[in-house]
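Structural characterization, general
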Amino acid sequence: RCSRDWSSDVCSSDLHRLQRLADLALGLAAGGMMALGSDIVHWLYDDRYAMAGPMLQLLSAGLLAMRLQVVEQLMFAMQQPQLVSRCNALRALALCGLVPLGFHVAGLWGALSGVVAAQFAGWPVSIHFQRRQGLFSLGSQGLWPLATLVGLGLGSGVHLVLRSL
């Protein structure tokens, strides 16, 4: 129903509805894994894998970058796959630069931080696309931080309950 006029009210509301769903799911998942990463690894593996828990906690922040995959799917639908390629190229370049730089500066944790940071490299292209299409609004950007905080809170609560058992 949005095949011709992508900036219509109907399409804008569809995009914002899908974006809210993605923000809620990704924010809750990221926040929950940030809080429970070590517990998850502890439940699934023996003590040899203990360091994987904090790694999972750090890498889960990369889930937040996935929120703009909704916009990248719209780019495909609007017959602009070159913009998705641009986002992917930016992520790849960021990985190639940030991982070695992070490792040089802070070892393994710096490299992992570079992986997380690289996931956000395509955001400028996606946000520019949204603005150009009249689909960007600051009011629609507030759910993902809130969902992340709720996920952190829920995950921390589960963690505390588990520690008391």
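Let me begin by describing the structure that accompanies this report.

Scoring rules and cut-offs
- Residues numbered from 1 in each chain as written.
- Predicted model: local features only at pLDDT ≥ 70, side-chain atom pairs only at ≥ 80, totals over all residues.
- Heavy atoms only, no water.
- Helix = DSSP H or I, 4+ residues; strand = E, 2+ residues; numbered from the N terminus.
- Buried < 20%, exposed > 50% of the residue type's maximum accessible area, 1.4 Å probe, protein only.
- Contact = heavy atoms within 4.5 Å.
- Salt bridge = Lys/Arg side-chain N within 4 Å of Asp/Glu carboxyl O.

A few words on unusual backbone geometry. A positive phi angle is found at Q79, which is not glycine, with a value near 60°. Within the secondary structure, Q79 sits in the loop between α3 (69-77) and α4 (81-118).

Moving on, we get to the side chain of R91. By the element assignment, R91 lies in helix α4. Judged by its relative accessible area of 12%, R91 is buried. Discounting residues that sit within four places of it in the chain, R91 has contacts with Q69, E72, A118, Q119, A121 and G122.

Let's shift gears to the pattern of salt bridges. Applying the stated criterion to the full structure yields 4 salt bridges. When the shortest N-O distance is used, the salt bridge between D14 and R17 registers 3.1 Å. Taken together, the residues D14 and R17, both in helix α1 (residues 9-44) and 3 residues apart, mark about one turn of the helix. Ionic pairing is found between R91 and E72, a salt bridge with its closest N-O pair at 3.0 Å. With R91 in helix α4 and E72 in helix α3, this residue pair connects regions lying 19 residues apart in the sequence. The burial state of R91 is the same as that of E72; both residues are buried.

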